[in-house]
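Fold and geometry: a report
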Amino acid sequence: MGRMSGKVVLITGAGSGVGRAAMELFAREGADVVGVARTQANLESSLERVREAGGRGSIIAADLSVDASCQEVVRETLERHGRIDSLVHAAGVGYSWMDKSPGSMGDVLNTTPEAWQEVIAINLNACFYMCRHVIPEFVRQGRGSIVNVSSISGYMGLASAHTYTAAKAGMINLTRSLCVAYAAQGVRANCIAPGFIDTPMVASVLHIFDDPAVAERITPMRRPGTAMEMAYGCLYLASDESSYCNGTVLTIDGGTTSRQ
C-alpha cells in the first residue's frame, strides 16, 4: 500500500520540474494522478514516466491563468474520478520565462505594467482560481488537501524578479488564510518554499553553483535541490501523515535561509 493509495490527486505544472516529479512520485505511491500544464507534448512525456513507473494517470492541457480554464480542469477531473482528494499546485514561471517574455523578471523600475500583470496572472491568480474551484468540492466531501508550491523568494527580498517575489509571497499568505478559513470544514492548505532547484524554470541562473565559493555562500549544502526532493515535501503535506499540518510553510532550501 502506498501513502496515497486510493487518492485522486490533481497536479498542476505537471509538464516539467516539480509538477512532473510530483506526478511521478504520487503515482508511485498509489494515487490516480491528473496532470495539468499548458503544453500537451510535455504532459504526454510526464504521463509516460507515470506509466513506466506502473502508475495510473491522465492529463489535461490548460492555461491556468484563465479562471474558466481552472473551472474546467476541476470539472473534468471530477467527471473522470468522482472526487478530488488533493490539489498540488506547482504551476508557475520563473527566470526561464524571460525567453518568452523579456523584462518579466526585472525589478520594479524595469518591469512594465503588462509584464507585471502577466506574471501575477500565471504565478498568483492561477493559484487563487484553482483553490476557488476545488475548495467547494473539499467542503462537500468533508476533507481535502491543498499543497501550493511557493518559494523562499516569497519571504526574502531579491534585487530582481520583483513580480515573481510578490506573487510567491501572495501564495504563502493565501495558503495561510485558506487554513484559517476552511480548517473547520476539513480542508488543509499548506505550501512548500523551495530554494534553488535544478529545474528548467531557473536553468539559466544555475551556473552560479559552478564556483564552489559562490555555491557555499548560496547554501551550506553547496548544490541546488532536485525536483524530486521538492515532490517528497509535497507528498508529506498532501498525505494523511501530515494530518495536523495546516497553514504550514515547509522550507526546502538546503539551508539557504538559515543564514538570514
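Just above, that's the structure.
We now turn to the structure provided with this report. Quantities reported herein were computed from a predicted structural model and do not represent experimental measurements.

Here the focus is the overall build of the chain. For the chain, the helix and strand inventory stands at seven helices and seven strands. Scanning the chain from its N terminus toward the C terminus, one meets helices and strands in the order β-α-β-α-β-α-β-α-β-α-β-α-α-β. In terms of overall dimensions, the chain is globule-like: its C-alpha atoms have a radius of gyration of 17 Å, near the 18 Å expected for 260 residues. Projected onto its principal axes, the C-alpha positions of the chain cover 50 × 40 × 40 Å. Residues counted as buried form 52% of the 260 residues belonging to the chain. Across the chain, contacts joining residues at least 24 apart in sequence account for 71% of those joining residues at least 6 apart. Within the chain, the 25 negative side-chain charges are centred at a point lying 5 Å from the centre of the 22 positive side-chain charges.

We now examine the nonpolar core. With 32 residues, the main nonpolar core has Ile 11, Met 23, Phe 26 and Val 33 as its most contacted residues. When residues of this core are traced back to their parent elements, those giving at least two are strand S1 (8–12), helix H1 (17–28), strand S2 (32–37), helix H2 (40–52), strand S5 (144–149) and helix H7 (227–238). Those residues within four positions of Val 33 in sequence are excluded, and the remaining contacts are Val 9, Ile 11, Met 23, Phe 26, Ala 27, Val 50, Arg 56, Gly 57 and Ser 58.

So, about the pattern of salt bridges. Once their charged atoms are close, side chains differing in charge can pair, the charge on each being opposite to the other. The final tally for this structure, using the stated rule, is 14 salt bridges. A salt bridge links Arg 132 to Asp 67; the nearest nitrogen and oxygen atoms lie 3.5 Å apart. Of this pair, Arg 132 sits in helix H4 (residues 113–141) while Asp 67 sits in helix H3 (residues 67–81), placing them 65 residues apart in sequence. Residue class for Asp 67 comes out partly exposed when judged on its relative accessible area of 25%. Taken together, the shared-partner salt bridges connect Lys 7, Arg 143 and Asp 240 into one network.

Our next topic: helix H5 (residues 162–182). Helical geometry: 3.6 residues make up each α-helical turn, so side chains three or four residues apart lie on a common side. Helix length check: H5 (21 residues) gives 30 Å between terminal C-alpha atoms against 30 Å at 1.5 Å per residue, within 8%. Among all positions of H5, only Thr 163, Tyr 164, Thr 165, Ala 167, Lys 168, Met 171, Ile 172, Thr 175, Leu 178 and Cys 179 are buried. Against the buried residues of H5 lie strand S4 (86–89), H4, S5, strand S6 (187–194) and strand S7 (249–252).

A few words on H7. The terminal C-alpha atoms of H7, which comprises twelve residues, lie 16 Å apart, in line with the 16 Å expected from a rise of 1.5 Å per residue. Of the positions making up H7, those classed as buried are Ala 227, Met 230, Ala 231, Gly 233, Cys 234, Leu 235, Leu 237 and Ala 238.

Here the structure, examined in full by the defined rule, presents two aromatic pairs. Residues Phe 196 and Phe 209 carry aromatic rings whose centres are separated by 5.7 Å and whose planes lie at 75 degrees to one another, so their mutual orientation is edge-to-face. Linking Phe 196 in the loop between S6 and helix H6 (212–218) with Phe 209 in the loop between S6 and H6, this pair joins segments that are 13 residues apart in sequence.

What follows is about the packing of H4 against H5. One way to put it is that H4 packs onto H5 with a least axis distance of 8 Å and a crossing angle of 15 degrees. By the angle between their axes, H4 is roughly parallel relative to H5. Between H4 and H5 lies a crossing whose hand is right-handed. Residue-level contacts link Trp 116, Val 119, Ile 120, Asn 123, Leu 124, Cys 127, Phe 128, Cys 131 and Ile 135 of H4 to His 162, Thr 163, Tyr 164, Ala 166, Ala 167, Lys 168, Gly 170, Met 171, Leu 174, Leu 178 and Tyr 182 of H5. A class-by-class count of the residues in the contact of H4 with H5 yields 15 nonpolar, four polar and one charged.

Once that is clear, we can look at the side chain of Thr 257. With respect to the helices and strands, Thr 257 occurs in the segment after S7. Polar contacts involving the side chain of Thr 257 include one to the side chain of Asp 253, which spans 2.7 Å.

Conventions and cut-offs
- Residues numbered from 1 in each chain as written.
- Predicted model: local features only at pLDDT ≥ 70, side-chain atom pairs only at ≥ 80, totals over all residues.
- Heavy atoms only, no water.
- Helix = DSSP H or I, 4+ residues; strand = E, 2+ residues; numbered from the N terminus.
- Rg over C-alpha atoms; globule rule 2.2 N^0.38 Å.
- Buried < 20%, exposed > 50% of the residue type's maximum accessible area, 1.4 Å probe, protein only.
- Contact = heavy atoms within 4.5 Å.
- Lys, Arg positive; Asp, Glu negative; His and termini not counted.
- Charge placed at Lys NZ, Arg CZ, Asp CG, Glu CD.
- Core = buried A, V, L, I, M, F, W, Y, C linked by side-chain atoms within 4.5 Å.
- Salt bridge = Lys/Arg side-chain N within 4 Å of Asp/Glu carboxyl O.
- Expected span 1.5 Å × (residues − 1).
- Phe/Tyr/Trp six-rings, centres within 6.5 Å; stacked < 30°, edge-to-face > 60°.
- Axes fitted to C-alpha atoms, helices over the stretch in contact; angles between N-to-C directions.
- Parallel < 35°, antiparallel > 145°, perpendicular 65-115°, else oblique.
- Left-handed = near helix turned anticlockwise from the far one by under 90°.
- Nonpolar A, V, L, I, M, F, W, Y, C, P; charged D, E, K, R; others polar.
- Polar contact = N/O pair within 3.5 Å; in protein donor to acceptor, adjacent residues only side chain to side chain.

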